[in-house]
Amino acid sequence: MTSIEALTLEVADTTAAHRFYTAFGLDDRVRLRASDAPTTGFRGFSLSLTVSQPADVRGFVDAALAAGATALKPAAKSFWGYGGVVQAPDGTIWKIATSTKKDTAPATGQIDQLVLLLGTASVTASKRFYVEHGLTVGKSFGSKYVEFDTQGSPVKLALYGRRALAKDVGVPIDGTGSHRLALVGGTAAFTDPDGFAWEAASLTPAP
């Protein structure tokens, strides 16, 4: 297992969710599946869209809000660049960001990268688990943050402490129940130390 081929979000209303995600143009990387699994509060992960400049951040944030998202953090400059955070109607938290603080051209509407950030109880333990399952570490900042080298995968995987991730996206850390997320990749199903489920790509039908 060396990459994530797609993500499956479990939602209460697939038709409504599909309308929302059309605004992001992620049909090839984000799949939807109906679920009524109980879940409350922070679900322990966030998805990030990295783009080239602030104009694209604003474009995606505005499109998400127009499609029914809730603003968690308005688009603004930060120490690292420029970004904003929204929560989709199905509850998934999305961060749209760029490392550039100034526009150099009109917005393109292009997504440079889709990143899945898993909030972990122990970054060190989860890092060890994923290395044992075949992933290679691309970047590592001790016990704070780990990013894996997923070899051109359509989805990049990173680990962050659960508390730090909740703070970063602007929500309380508390949450219970299902993550309502499945990672699709590799040839075998398994569950990581924080309860995130992987499904074998060969057994998961494309949308």
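Data block above holds the structure.
Quick notes on the rules
Residues numbered from 1 in each chain as written. Predicted model: local features only at pLDDT ≥ 70, side-chain atom pairs only at ≥ 80, totals over all residues. Heavy atoms only, no water. Pairing = 2+ DSSP bridges. Helix = DSSP H or I, 4+ residues; strand = E, 2+ residues; numbered from the N terminus. Contact = heavy atoms within 4.5 Å. Axes fitted to C-alpha atoms, helices over the stretch in contact; angles between N-to-C directions. Buried < 20%, exposed > 50% of the residue type's maximum accessible area, 1.4 Å probe, protein only. Core = buried A, V, L, I, M, F, W, Y, C linked by side-chain atoms within 4.5 Å. Salt bridge = Lys/Arg side-chain N within 4 Å of Asp/Glu carboxyl O.

Peer 1: When you look at the sheet that holds strand β2 (residues 30-34) in this model, what are you seeing that I'm missing?
Peer 2: Spatial strand order, β2-β1-β13-β15-β14: 5 strands in an open sheet with mixed pairing. Looking at strand neighbours, the two that pair on one side only are β2 and β14 (190-191), the edges of this open sheet. The sheet contacts of helix α1 (residues 14-21) involve β1 (6-11) and β2, and relative to β2 the element is tilted by about 165°.

Peer 1: Before we go on, may I ask you to explain the sheet that holds strand β11 (residues 156-161) in this structure?
Peer 2: In a beta sheet, neighbouring strands pair by backbone hydrogen bonds and run either parallel or antiparallel. Strand order across the open sheet formed by 8 strands is β5-β6-β7-β4-β8-β11-β10-β9, with mixed pairing between neighbours. Strand pairing shows two members of the sheet lacking a second neighbour, β5 (70-77) and β9 (136-141), which therefore form its edges. Recorded for the sheet is a direction-independent mean angle of 20° between the axes of neighbouring strands. Where β9 and strand β10 (residues 145-149) come together, 5 bridges link them in antiparallel fashion. Looking at β10, one finds that phenylalanine 141 is bridged to tyrosine 145. The strands touched by helix α2 (residues 54-66) are β4 (45-50), β5, β6 (82-87) and β7 (93-98); relative to β6, the strand with the most contacts, the crossing angle is about 15°. Against the sheet, helix α3 (residues 123-132) makes contact with β8 (113-120), β9, β10 and β11, and its axis sits at roughly 155° relative to β11, the strand it touches most.

Peer 1: Is there a simple way to explain unusual backbone geometry in this structure?
Peer 2: Most peptide bonds adopt trans geometry, and most residues besides glycine take a negative phi value. Phi at arginine 180 takes a positive value of approximately 55°, unusual for a residue other than glycine. Relative to the elements of secondary structure, arginine 180 occurs in the loop between β12 (175-177) and β13 (181-184). The class for arginine 180 is buried, based on a relative accessible area of 12%.

Peer 1: Any chance you could explain the nonpolar core here in plain terms?
Peer 2: A general tendency of soluble globular proteins is for nonpolar side chains to be buried together. Grouped together as the largest cluster of nonpolar side chains are 42 residues, with contacts concentrated most on Phe24, Trp94, Ile96, Leu116, Tyr130 and Leu157. If one sorts the elements of this core by residue count, α2 sits on top with 4 residues. In this structure, Val85, Ile93, Leu165 and Val169 belong to the second largest nonpolar core, which totals 11 residues.

Peer 1: Would you mind going over the pattern of salt bridges with me for this structure?
Peer 2: Side-chain pairs of opposite charge can arise whenever the charged atoms involved come near each other. Throughout the structure, instances matching the rule amount to 5 salt bridges. Salt-bridge contacts for arginine 58 lead to aspartate 103; the nearest nitrogen and oxygen are separated by 2.7 Å. Here arginine 58, found in helix α2, pairs with aspartate 103, found in the loop between β7 and β8; they are 45 residues apart in sequence, far enough to count as distant.

Peer 1: Hey, could you run me through the environment of arginine 128 in this one?
Peer 2: Residue position: arginine 128 is located in helix α3. The exposure class of arginine 128 is partly exposed, given its relative accessible area of 47%.

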